[in-house]
Structure formats: C-alpha cells, structure tokens
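Here is what each chain is made of, one letter per residue.
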Amino acid sequence: MNGAAVIGASLACVPPANQASLELDLHLDVRLGPGETRPARALEQALREAIVAGRVPAGHRLPPTRALAADLAIARTTVSEVYAQLTAEGWLEARVGAGTWVAELTETARGAAVAPPPAPAPGAGGPAGGPRVIDLSAGRPDPSLFPRPEWLAATRRVLDTASAPDLGYPDPRGMERLRQQLAAYLARTRGVAATVDRTLIGHGFGSLLALACQALVAGGARRLAVEEFGHPEHRDIVTATGLHLVLLPVDERGADVTRLSADVDAVLLTAAHQFPVGVPLSPARRRAVTGWAQATGGLVIEDDYDGEFRYERRAVGALQAMAPDHVLYIGTASKALAPAVGLAWAVSPQRFADRMLACRGDLDRPRDALNQLVLAEFLAGHAYDRHVRRMRAEFRRRRDHLEQELASWVPAARLAGVPAGLQAVVELPAGSDPDAVVAEGLRRGAAFRTLAEYAARPRDGHPPAIVIGFGAPPASQASAGTTMAVAAIQAAIKPAIRGSDQGRTP
Ligand SMILES: Cc1ncc(COP(=O)(O)O)c(C=O)c1O
C-alpha cells in the first residue's frame, strides 16, 4: 500500500466545482487473496487500487451500495462498511442525500477526473494474470439486468399450475400458450400480423434461420441475399445449408434492396435497425423489397433482433406488417431478457410455416415446455413489458453517455444511425486507423471491434469506424467501459489529426 499512502497524501476532500453528475460504474476485480476471508478487505483494496490507477476518477459518484453489492454478489453491509472506511481515510466523500463520491485530487483536479484511464499494468487483475477487459461486444445484452425475482415468480406460478399434459411432448411448433402470448405481444408492440398457427418457437435466432434456409433449399432455392454488414456466424449458417450469398451494399437508407433481382430467392434484412450500422431501412426501400417479394415470390426474412429498443419517439414497426404473406419475421428473447433463456420466435407466411415444420423433424423440436411456459407467463402478466421498459431506460442512458463522452472528448467522431439498440457505430475522422483504436482499447481494458470485422468483404470508401456495444457490460462497468473506449479513440486518432493539421497551410 505504499502507492496508496503517497497518493492519499495528495487527496483533498473539497467538493469539486464541476462535479460529474453521472453515477460512476466501477471496473473492480474483487478477489480474495491467499488466506483472505473477508470480502470487505478485498473490495477496499480493489477500490483503493482503482483510485490510485485513475480507473475510478476523482469527482465522480460511486454506485449506490445496493447496486454495487448486487453487481459483485456480496452483502450490502460489506459495501457500506468499505465506503465508510475509505471515507474515513479521505479517499471518498459522503454527501448527505447525494451518495458517495471519489474525493478530488488537489493538483490537476479536472484533468485527473477526465484524463483517459491509464493502461492496466501488465499482469494485473485478469483471471489468467492478464489485464481484465470490459466486454463491449455488439448486440449483447447485460445479463446482470436479468429480472431474476420476476422470472422466479413466473416459474413458481407455472409449476403450481402446469397440467400433466403440459409436461409431455410439446407441439412441434412450440407450446400453444407461448405462441398465443407472442402473437398478441408482437401485434401490439411491433405491428406484426401474427396468428398462433403461423408462430413457431425455436432455440435462438440461429436455429430458426437454419430451419428457414433448409425449408428454402427444400423448395428449390439457391441464392439468398444478405446485407454486406452483419454477423459472420449468420452468413455461415446460410452457406452451411448450401445457399449462395448475394451481398447488398448498406448506406444511410439501409440495405440497397433495389439491387435484388428475380434470380434471388430470399433476402435476410435487419430492417428496423441495420446490424451493426444502425440505420433503419428507408420507407422507399421497404416498399421496394415487399414489391420485389410480391413480384417474384421471393421470401423476406426479417431479423427483428432489437425492435423493442428505440430511444426516440418514432417507433419503426416491423416490415412484416406490410406483406405478411411474403415476410418471415424472427424475434428473440436474447436481447430483452438474456441469451440464457434460449428462445426465439418466427411468424411465417402460412405455406412457408408448413414447409419449416416439415423440415424440422424430431431433432430440432423445442422440448423445453417449462421454459416456454415461464416466458408465456412472463408475457401474460406484462412482466415482459415492464422489464423491456426498464431495459430501454438503462440502454438509453448508456447510449446518451457514449454520445456525451464523444462530444466532449472526440468531437471529430460521430455516432452513425439512429438512437436504438445495444450498440452504436462510431465513425472516426478521415485518416484514422480503426485497428489502432481497437488495439488501444484493449490496452486500456475495453474490447470492441472495427466495423470492417462485420463486413462480408473488404470495400474501399467506407468511413473508418468502430462498433461499441454499450449494452454488454454489467451495470457497474458500463460507464467505465465507455470512458475507456472514448479515451482509446482520442489517444489513437491524435496522430492522424496531427498529420492533417501539419499538412494545412496557415
Ligand atoms: C443482428 C442479430 N440478429 C440475431 C441475433 C441472435 O439472437 P439469438 O441470441 O436469438 O441467436 C443477434 C445476437 O447477437 C444479433 O445481433
């Protein structure tokens, strides 16, 4: 604790003039050392180290004791004890009615609060001795927000009321009660024209996409168009069934569906919120793609992976509502609840629903009737709606934070797309190297990818960009993760900006 003693001497408990009003999310590695039995000691140590290293900047409010205790799975009294101890030592400040704050450093106070966090010391923190990294993967929800008490209550109700046949082999389309609830929910919230018969349950988007591709191939299809940006795994699922990929460029109006020709059999689109670019398919292109499907008999597969998460007033409804006989709509519980729920749903044109069922066979039948009944119960009691509203508010805060941090520290970068979903594309200033930003992020402890990593083929002319999955980290790390990512952008693009400045003639 020598380092702590040195820095502790320079701490001042004067309230900073310009305090950050956001609660600080922590990136702490609270591990019990050899012979250590008290989590309080480990947390105290981790917090001190984080303050010394600048990972927990001065002038910021710490999470409430209840939130930090929940994130770290320790008792709330332990966190209160540690806050009190560090307050007594001068590291923290308790303000009546306003929470606990990191005390301000006397010198370079403002700089210390906002300076990019230093890179983690080699070998510090990580489970294998490497630095611990905050996951900012795109499209991932924060599993720490999973509504455990509500899910448990729904599970109890299901176990109290499930009949013996409920526990037998379910309908190959999935449990009828769940399909009823989903049909009503999707109609109400996404405008989907759904009937119970045409609704099919699957184990995740990937399994339903694979089933749809098998049904297409069984019907003689050969070519499926995808957006040039998307999940490589989804492209792999398509090609594994023997279909050939056709790539559609993506611009500010979404995928260019006007390029679809009659020899394409189906197209996979993230119409509400292009993944990961973030733009919605424009109204003209929505009409163009449904027109193409009606004229050619082609199938539109709509991946509505995060339709619930819009942060502006105008919602974008499902494309399926415009042409229910030509669009296969697929949604998932992975974003609003958690991937561990393992359920997704498809609403299909009638003929295609029959073909998918025929292809399903015995192997892919969703057998987890109990899990499906719990989700049905969750929907029926509107616990799903309440949870989505809470998640929407949380993710909107995280996106706003990213936007504010960028505006403050890297105004030359900008967020692409609409405010929605769990990730955002950051367009870097011309001449920046996105790979260098990713490397700098990793050095500082935040993992994210370049936009190019989602591209099906390298293409010139696309602006340099990275994708920040602000939805992924646990609540206690979200804000730190964003700050690290923005700091990495700032540090890595400086040389590029300096380069162009030097070239300018005064
Ligand atoms: C664009 C997109 N579609 C679909 C999914 C898949 O959801 P699931 O977890 O149901 O496979 C994801 C998940 O990351 C996604 O980002």
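Residues numbered from 1 in each chain as written. Predicted model: local features only at pLDDT ≥ 70, side-chain atom pairs only at ≥ 80, totals over all residues.

Caption draft 1: View of the overall build of the chain. A count of helices and strands for the chain gives 15 helices and 19 strands. Buried residues in the chain amount to 45% of all 506 residues. Considering only intrachain contacts with a sequence separation of at least 6, the fraction spanning at least 24 residues in the chain is 75%. (Helix = DSSP H or I, 4+ residues; strand = E, 2+ residues; numbered from the N terminus. Buried ≥ 20, exposed ≤ 12 C-beta atoms within 10 Å, placed from the backbone. Contact = placed C-beta atoms within 7 Å.)

Caption draft 2: Just the environment of Leu136, in detail. Along the chain, Leu136 turns up in the loop between strand 5 (134–135) and helix 6 (148–161). Considering only alpha carbons, one finds Leu136 and Arg449, 313 residues apart in sequence, at a separation of 8.4 Å. Once you skip the residues sitting within four places of it in the chain, Leu136 turns out to touch Ala446, Ala447, Phe448, Ile468, Gly469, Phe470, Ala472, Pro473, Gly481 and Ala485.

Caption draft 3: Seen up close, the pairing of strand 3 (residues 99–102). Relative to strand 3, strand 2 (residues 92–95) runs antiparallel, the two sharing four bridges. Counted as the bridge partner of Leu92 is Val102 from strand 3. Counted along the chain from strand 2 to the antiparallel partner strand 3, the turn is three residues long, and its residue Gly97 has a positive phi close to 75 degrees. (Pairing = 2+ DSSP bridges.)

Caption draft 4: The arrangement of unusual backbone geometry in detail. Cis peptide bonds are those with omega within 30 degrees of zero, and the linkage from Phe275 to Pro276 qualifies with 0 degrees. Structurally, Pro276 can be placed in the loop between strand 11 (266–269) and helix 10 (283–296). Of note, the phi angle at His382 is positive, near 65 degrees, even though the residue is not glycine. With respect to the helices and strands, His382 occurs in the loop between helix 12 (369–380) and helix 13 (383–409). What makes His382 exposed here is the crowd of 11 C-beta atoms within 10 Å.

Caption draft 5: Focus on the site of the ligand. Around the ligand lies a shell of 13 residues, among which Gly139, Gly204, Tyr305, Thr332 and Ser334 are the nearest. Taken together, the residues of the shell around the ligand sort by class into five nonpolar, seven polar and one charged. (Near = placed C-beta within 6 Å. Nonpolar A, V, L, I, M, F, W, Y, C, P; charged D, E, K, R; others polar.)

Caption draft 6: Spotlight on the nonpolar core. Membership of the largest hydrophobic core comes to 116 residues, with the highest contact counts inside it found for Ala212, Leu224, Val267, Val426, Ile466, Ile468 and Ile489. Broken down by element, the residue count for this core peaks at eleven residues, all from helix 15 (residues 475–503). Two domains share this core, each providing at least three of its residues, namely domain 2 (148–381) and domain 3 (387–498). Core analysis: the next-biggest nonpolar cluster, separate from the first, contains 19 residues, Leu47, Val56, Ala58 and Tyr83 among them. (Core = buried A, V, L, I, M, F, W, Y, C linked by C-beta atoms within 7 Å. Domains from an automatic or database assignment.)

Caption draft 7: Seen up close, the packing of helix 8 (residues 205–218) against helix 11 (residues 350–360). Running from N to C, helix 8 and helix 11 point in directions that differ by 100 degrees, and their axes come no closer than 9 Å. In terms of their interaxial angle, helix 8 and helix 11 are classed as roughly perpendicular. In this structure, helix 8 uses Leu211, Ala212, Gln214, Ala215 and Ala218 to contact helix 11, whose residues at the interface are Phe352, Arg355, Met356, Cys359 and Arg360. (Axes fitted to C-alpha atoms, helices over the stretch in contact; angles between N-to-C directions. Parallel < 35°, antiparallel > 145°, perpendicular 65-115°, else oblique.)

Caption draft 8: Focus on the environment of Gly191. Position of Gly191 relative to the elements: it lies in the loop between helix 7 (176–190) and strand 6 (199–202). Taking the C-alpha atoms as reference, Gly191 lies 9.4 Å from Met322; in sequence the two are 131 residues apart. Once residues lying within four places of it in the same chain are set aside, the contact partners of Gly191 are Gly317, Ala318 and Ala321.

Caption draft 9: Quick look at the packing of helix 6 against helix 12. Following both chains from N to C, one finds helix 6 and helix 12 inclined at 115 degrees, their axes separated by 9 Å at the closest point. With respect to each other, helix 6 and helix 12 are oriented roughly perpendicular. Two packed elements cross with a definite hand, and for helix 6 against helix 12 that hand is right-handed. Each of Trp151, Ala154, Thr155, Arg157 and Val158 in helix 6 lies in contact with helix 12, whose residues at this interface are Leu370, Leu373, Val374, Glu377 and Phe378. Each residue belonging to the contact of helix 6 with helix 12 can be placed in one class, and the counts come to seven nonpolar, one polar and two charged. (Left-handed = near helix turned anticlockwise from the far one by under 90°.)

Caption draft 10: Geometry of the sheet that holds strand 16 (residues 424–427). Spatially, the four strands line up as an open sheet ordered 15-16-19-18, and their pairing is antiparallel. A strand with exactly one partner marks an edge of an open sheet, and here the two such strands are strand 15 (414–415) and strand 18 (449–450). Pairing of strand 18 with strand 19 (residues 465–468), which is carried by two bridges, proceeds in the antiparallel orientation. Bridge pairing links Arg449 to Val467 in strand 19. Set on the sheet, helix 13 makes contact with strand 15, strand 16 and strand 19; between it and strand 16 the angle comes to about 10 degrees.

Caption draft 11: Structural view of helix 10. An ideal rise of 1.5 Å per residue puts 20 Å on 14 residues; helix 10 measures up with 20 Å between its terminal C-alpha atoms. Residues of helix 10 that are buried: Arg285, Arg286, Val289, Thr290, Trp292 and Ala293. Down the axis of helix 10, the buried side of the element spans an arc of 150 degrees, and every buried residue falls inside it. Counted as exposed and oriented over 90 degrees from the buried face of helix 10: Pro283, Ala284 and Ala295. Buried residues in helix 10 make contact with strand 10 (254–255), strand 11 and strand 12 (299–303). Phi for Gly297, located one or two positions after helix 10, is positive at around 80 degrees. (Expected span 1.5 Å × (residues − 1). Arc of directions from axis to C-beta.)

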